[in-house]
Amino acid sequence: MSVYILHVLIMVAIFAMLALSLNISVGFAGLVSLGHAAFFGIGAYASGIIMIKGLGFPVAFGSAGIITALLGLALALPALRVKDDYLAIVTLGFGIIVEIIFMNLDITGGTDGLVGIPPVTLCGNPLYSKPGFLLLCVVILGFMIVSMYTLKNSKIGRAWAAIRDNDITASFMGINIYGYKTLAIVVSAFWAGLAGSLYAHYTAYINPHTFGMHTSIMILSMVVLGGIGSIPGALLGAALLTVLPEVLRPLADYQDIFYGGLLVAMMVFRPQGIMGRVKITEIFGGAR
Amino acid sequence: MQRLWLLVMVAMVVLGLGLSEARAAEEIKIGAILRLSQGASDGLPAKRGVEIAVKEINAAGGINGKQLKVIFEDEKDSAPASVAAYQKLVSMDKVKVIIGPMMSGNVLAVAPLAQRDKIVIVTPNGTSPKISDAGEYVYRGCTRIDKQAASLTKYAKESLKTTKPVILYSNEPYGKGCNDLFTKCFAELGIPVISTESFMVGDRDFSAQLTKLKQKPFDLLFIPGYLQETAPAISQARRMGITAQSMGVFGDMAPKYIELAGKASEGHINCSEYDEDYNTPTNKKFKDAYYKIVKADTKEPNNAMFAAITYDMTRLVSTAIATKGGAPDQMRGYLDTVKDFDGVTGKLSFDNNGDVVKQGVYIFKVVKGKYVKVK
Amino acid sequence: MLLQQLVNGLAAGCVYALVALGYTMIFGILGIVNFAQGEIYMYGAFGAVLTLAATGNLVLAIVAGIAAACLVGVLLERFAFRPVRGMHPLIPLISAIGASIFLSSLARLIFGPEDRSFPMEFHPHSYQFFGAEITELQLVIILVSLALMVMLWLFLNLTKHGKAIMAVAMDSDAAKLSGINVNAAYVTTFLLGSAMSGVAGILMAMYYNATAPNMGLLPGLKAFSAAILGGVGSIPGAIIGGLVLGVAENLGAAYLSSHFKDAFAFIALVLVLIIRPRGILGRQ
């Protein structure tokens, strides 16, 4: 099978993980995050640096998830204290600050980026083959999808749904809003970190620019285009926005115009996204 | 409704990817990964350089009778985009050689893949020293930044009599690399750099950094970076009353720099890979072709140096295919042994690391709004 | 050096303040963050630069620039924001982001990606005081910005239309009930905000001598931080936010580190949001 197509599919898989992870905070719990690429980056750098220092892939992979989750916690604690409207802005600021930190630390290679990241090793054997890597990604993605559904239908998921619809009412019902929101961000960060780890070992080279605002916006667009809160929607959105630039290659100059126009058009004509519920177009949650 | 969307999407994917597979077979294809969307002043001229070379070669009968075709991709100033472009060129278009990427970071991202796939890549202007060690399939068409640094610092010491330089650099791989290397070269000449400040790509306000630099007296203001920032920087410096000699690297080698910096560019020293007055028939032919394109469209950026480099690289690569064959190892055989190739940037050959060797760096000075070669 | 950095910061801050006013008015009245504000700024600059290059008449160029900015603003309101009013906040947000991407890539296609210089020479006069220097251009920026801010304040507080806008910002339902034409208020708000950003763009085209399709991105983000810093929805807040941000950036670069100059805006933003979310002058 064409190596190029395999490459595109791997990218779809990784971005699907990112979209799904963002869907937890945005779609399940109703928290707007504009800095998600920062978690992607933290996971990528953490995993890359750990493997360069000599540790194995399972350690790097797991640590990437945990370190990112911890940093998510660090973000959530102060960030959730602000009013919902401002959360988006705080996450935006967080994303930008993290990118600038990546650019200026020696251990991350600064603006040059991290070179020579070792590939994924399974049982001591480096995994160079693309179909093999794709399989690995699909397996992990599969796990993710299953856990997403489990979460959504669990007590946690229902608590999130209650908070998303109206957090004041939810707190009256005895739900610890603060705790559940923090949980949403931490879990979302964890999965994004894992995706980052896979990405780093696949491309063997990362630099800060990949994890900036542009990427955060793209991941958010995937979630919104697919339908906020919908799991198949997130998958579809990721596939669409990853494949689109490849398909539009002959129109390279017009690509961004098309992307921007697509976003506006989708919001105006079908704001609930491809798979979303129409309910989302009603006036939302708290009063303005 | 939802299922319809799904179908549409799948159809688009299959169509899009499938269409790219169906290409003609009776031509020789090379790929080019250049800064097309972001590189206002260097990417488009670089593309023109390739186009001029290809047109010339095809007009003369192509390569052993087959027409030469180049497929351009955009590196989008992003490592993942460069890698995706590389993957597409190699596995869908089946090119055996790629000119580009232009930015060092992107070259370093693509290099390990090129090594593994045994595809020759020739970067026209990646300046990072790390590229020399990137592998035997990686070639470079411009002078390494440390050699540029050595030339310029020597010139600064001997001709400009610099004793107290300061550096205001662009905080990305190119500018930072320059900062590190020039500091080292100055130190080797016994000249300590008094202070350094930095700015980001996209910044236009340098008053904070310049005010800070002004606190200590200096006699040379070195600003490495891309001209979109270096030109406003020198302009603001002059406006603030800084009269010290200014110096830059080859990012400043473009009429656009003089236009944006205005009178502030007067006296500016910078280096370049290309001398327009280099008197060979090949160069004259190239210049005629290039300036014809520039005059035809006012929106066309005018930057002969970048076009010259890609023009030479394209011709080198085509000659390699014509004389030794189109397989990567055959091409390498030619590139590693070629001597005194008639390029517009000089008489070219490659050293052991795949870096181009020519008679050295040209140093230019801006005099009355035009570049004048001084060395 | 301190005084000089303050002067630099003040000039930069005035420009942030002008754009921040656009953000704050639109957020205050419509509740949406107009991510495309930076693009309005950019089209204002291009309008002026192209008109000046074609006619040589500075006054005409400035008018054209403001008109261009207002046109973009009005089109944005009509096509990207009005259709999604009142929905889940993410929807107008994505619409604004999409519009921003669309507008800047369109500009790149129409105008070409290269920077353009401002087609007019400025005499490098500067005035000295207490060891600091202020250039003529910096002075122009500060004075023009102050003039515009005063005019805006007068408009909003003393004219009928202005007061109508304030009323809609406070409570759009009540305003509608008192007979105020809410749609007209929205359009007027966009016009005012766009005009301010347009002027900011023109001033910057002169000051940096560089007009490019991507010039709105960074200033847009920083002005946005300034608006939040000052207290979203508050006009004096936006002004103070802009000035504070400009000064903080320059002082930070001078005394801390110029590497992080751009980060200061966002660090300040995050700190403010955590410590005092409604901003310096924001109402609760």
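Residues numbered from 1 in each chain as written. Chains lettered and ligands numbered in written order. Predicted model: local features only at pLDDT ≥ 70, side-chain atom pairs only at ≥ 80, totals over all residues.

Q: Would you explain the overall build of chain A in this entry?
A: Counting its secondary structure elements, chain A contains 11 helices and four strands. Relative to its length of 288 residues, chain A is compact, with a C-alpha radius of gyration of 19 Å against a globular reference of 19 Å. Counting the 288 residues in chain A, one finds 58% classified as buried. Taking the contacts inside chain A whose residues are at least 6 apart along the sequence as the reference set, 77% of them involve residues at least 24 apart. (Helix = DSSP H or I, 4+ residues; strand = E, 2+ residues; numbered from the N terminus. Rg over C-alpha atoms; globule rule 2.2 N^0.38 Å. Buried ≥ 20, exposed ≤ 12 C-beta atoms within 10 Å, placed from the backbone. Contact = placed C-beta atoms within 7 Å.)

Q: Explanation requested: helix H1 (residues 3–28) of chain A in the structure shown.
A: Every α-helical turn comprises 3.6 residues, leaving residues that sit three or four positions apart pointing alike. All names here are of chain A. In this model, H1 (26 residues) spans 36 Å end to end at C-alpha, consistent with the 38 Å of a helix rising 1.5 Å per residue. The largest bend along H1 measures about 35 degrees and falls at Leu22. With 24 of 26 residues buried, H1 lies mostly within the body of the structure. Immediately beyond the C-terminal end of H1, within one or two residues, lies Gly30, with a positive phi of roughly 75 degrees. (Expected span 1.5 Å × (residues − 1). Bend = angle between axes of the 7 residues up to and from the residue.)

Q: I would appreciate a short explanation of the packing of helix H2 (residues 37–55) of chain C against helix H4 (residues 90–111) of chain C in the present structure.
A: Residues and elements named next belong to chain C. Two elements in contact, H2 and H4, have axes separated by 9 Å at closest approach and are oriented at 25 degrees. Judged by the inter-axis angle, H2 sits roughly parallel to H4. Crossing of H2 against H4: the hand is left-handed. Contacts between H2 and H4 involve Gly38, Glu39, Met42, Tyr43 and Phe46 from the former and Ser100, Leu103, Ser104, Ala107 and Phe111 from the latter. Taken together, the residues that form the contact of H2 with H4 break down as six nonpolar, three polar and one charged. (Axes fitted to C-alpha atoms, helices over the stretch in contact; angles between N-to-C directions. Parallel < 35°, antiparallel > 145°, perpendicular 65-115°, else oblique. Left-handed = near helix turned anticlockwise from the far one by under 90°. Nonpolar A, V, L, I, M, F, W, Y, C, P; charged D, E, K, R; others polar.)

Q: I'm lost on the environment of Glu75 of chain B in this one. Help?
A: Residue and element names in this part refer to chain B. Of note, Glu75 is situated in the loop between strand E2 (67–74) and helix H3 (79–92). In the structure, Glu75 is positioned 22 residues away from Ala53 in sequence and 21 Å away in space, judged by C-alpha atoms. Residues contacting Glu75, with those up to four places away along its chain left out, are Ile33, Leu34, Arg35, Ala81, Ser82, Ala85, Gly100, Pro101, Met102, Met103 and Asn106.

Q: Sorry, what's going on with the nonpolar core here?
A: Nonpolar side chains tend toward joint burial in soluble globular proteins. Ranked by internal contacts, the top residues of the largest apolar core, which has 329 residues, are Ile14, Ala16 and Ala19 of chain A. Residues lining this core come from more than one domain, with at least three contributed by each of domain 1 (25–143 + 280–357) and domain 2 (146–272) of chain B. Once you skip the residues sitting within four places of it in the chain, Ala19 of chain A turns out to touch Ile219, Met222, Val223, Gly226, Ala234, Gly237 and Ala238 of chain A. (Core = buried A, V, L, I, M, F, W, Y, C linked by C-beta atoms within 7 Å. Domains from an automatic or database assignment.)

Q: Hey, could you run me through the packing of helix H1 (residues 2–30) of chain C against helix H8 (residues 182–208) of chain C in this one?
A: Two quantities define a packed helix pair, namely the angle between the helix axes and the distance between the axes. Residues and elements named next belong to chain C. One can describe the packing of H1 onto H8 by two numbers: an axis separation of 8 Å at closest approach and a directional angle of 165 degrees. Relative to H8, the element H1 is oriented roughly antiparallel. The chirality of how H1 crosses H8 is left-handed. Split into classes, the residues belonging to the contact of H1 with H8 amount to 17 nonpolar, five polar and no charged.

Q: Explanation requested: unusual backbone geometry in the structure shown.
A: Trans is the common state for peptide bonds, and a negative phi is the common state for residues other than glycine. Residue and element names in this part refer to chain B. In this structure, the amide linkage connecting Gly100 to the following residue, Pro101, adopts the cis form with an omega of -10 degrees. With respect to the element layout, Pro101 can be found in the loop between strand E3 (97–99) and helix H4 (104–117). Unusually for a residue other than glycine, Lys161 sits at a positive phi of about 55 degrees. Inspection of the secondary structure assignment puts Lys161 in the loop between helix H5 (145–158) and strand E6 (165–170). Here the phi dihedral of Asp340 falls at roughly 55 degrees; this positive angle occurs in a residue that is not glycine. Relative to the helices and strands, Asp340 resides in the loop between helix H12 (328–337) and strand E11 (341–343). Residue class for Asp340 comes out exposed when judged on the 11 C-beta atoms lying within 10 Å of it.

Q: Is there a simple way to explain the interface of chain C and chain A in this structure?
A: Size of an interface: often given as the accessible area lost when the parts come together. Facing the 32 residues of chain C at the interface are 34 residues of chain A. Elements that contribute at least two residues to the side of chain C that touches chain A include exactly H4 and helix H11 (261–275) of chain C. Element by element, the count of residues in the side of chain C that touches chain A is highest for H4 of chain C, at 12 residues. When grouped by side-chain class, the residues that make up the side of chain C that touches chain A number 24 nonpolar, seven polar and one charged.

Q: Got a minute to help me understand the confidence of the model for chain A in this structure?
A: Do not read the predicted coordinates in detail wherever pLDDT is low. All names here are of chain A. Of the residues in chain A, 94% have a pLDDT of 70 or more, and the chain-wide mean is 84. Mean pLDDT in chain A bottoms out at strand E3 (residues 125–126), which sits at 70, and peaks at helix H2 (residues 36–52), which reaches 92. This model gives residues 283–288 a pLDDT under 50, and the stretch forms eight contacts once residues within four places in sequence are excluded. (pLDDT = per-residue confidence, 0-100.)

Q: It is not clear to me how the interface of chain B and chain C should be interpreted in this structure. Could you clarify?
A: Contacts between the two partners involve 28 residues from chain B, matched on the other side by 26 residues from chain C. Elements with a contribution of two residues or more to the side of chain B that touches chain C: strand E7 (195–199), helix H7 (207–213), helix H8 (227–239) and helix H9 (255–261) of chain B. No other element matches the five residues that H7 of chain B contributes to the side of chain B that touches chain C. Here the residues of the side of chain B that touches chain C sort into eight nonpolar, 12 polar and eight charged.

Q: In this structure, what is going on with the sheet that holds strand E12 (residues 346–350) of chain B? I would like to understand it.
A: One key point about sheets: their strands pair by backbone hydrogen bonds, in either a parallel or an antiparallel sense. All names here are of chain B. Pairing within the open sheet is antiparallel, and its three strands lie in the order E11-E12-E13. Pairing within the sheet leaves two strands with one partner each, and these edge strands are E11 and strand E13 (356–357). Bridge count for E11 against E12 is three bridges, and the pairing is antiparallel. Looking across to E12, one finds that Asp342 is bridged to Lys347. (Pairing = 2+ DSSP bridges.)

Q: What is the right way to look at the sheet that holds strand E1 (residues 27–34) of chain B in this model?
A: All names here are of chain B. In spatial order, the strands read E2-E1-E3-E4-E5; together these five strands make up an open sheet with parallel pairing. Sheet topology places E2 and strand E5 (138–140) at the edges, where each strand pairs with a single neighbour. Neighbour-to-neighbour, the strand axes of the sheet open up by a mean angle of 25 degrees, direction not taken into account. Of the strands in this sheet, E1, E2 and E3 are in contact with H3, which crosses E2 at around 150 degrees. Of the strands in this sheet, E1, E2, E3 and strand E4 (120–123) are in contact with helix H11 (residues 304–324), which crosses E3 at around 170 degrees.

Q: I keep staring at the pairing of E6 of chain B and nothing clicks. Help me out?
A: A regular strand places its side chains so that they alternate between the two faces of the sheet. Residues and elements named next belong to chain B. Counting buried residues in E6 gives six out of six residues, a clear majority hidden from the surface. Strand direction decides the pairing type here: E6 and strand E8 (residues 220–222), joined by three bridges, are parallel. Residue pairing for E8: Val166 is matched across the bridge by Leu221. When E6 meets E7, the two strands line up parallel, connected through five bridges. When the bridges of E7 are listed, Leu168 appears paired with Glu197. With respect to chirality, the unit in which E6 leads through helix H6 (residues 173–188) into the neighbouring parallel E7 is right-handed. (Right-handed = clockwise from strand over helix to strand, strands pointing away.)

Q: How do you make sense of the pairing of E1 of chain B when you look at a structure like this?
A: All names here are of chain B. For E1, the tally of buried residues reaches seven of eight residues, placing the bulk of the element in the interior. Across eight bridges, E1 lies against E2 in parallel orientation. Within E2, the position partnered with Ile28 by the bridge is Leu68. Here two bridges tie E1 to E3, and the two strands are oriented parallel to one another. The partner of Gly31 across the bridge, within E3, is Ile98.

Q: I would appreciate a short explanation of the environment of Ala147 of chain C in the present structure.
A: Looking at the element boundaries, Ala147 of chain C is found in helix H5 (residues 136–158). In sequence terms Ala147 of chain C and Val182 of chain C are 35 residues apart; their C-alpha atoms lie 28 Å from each other.

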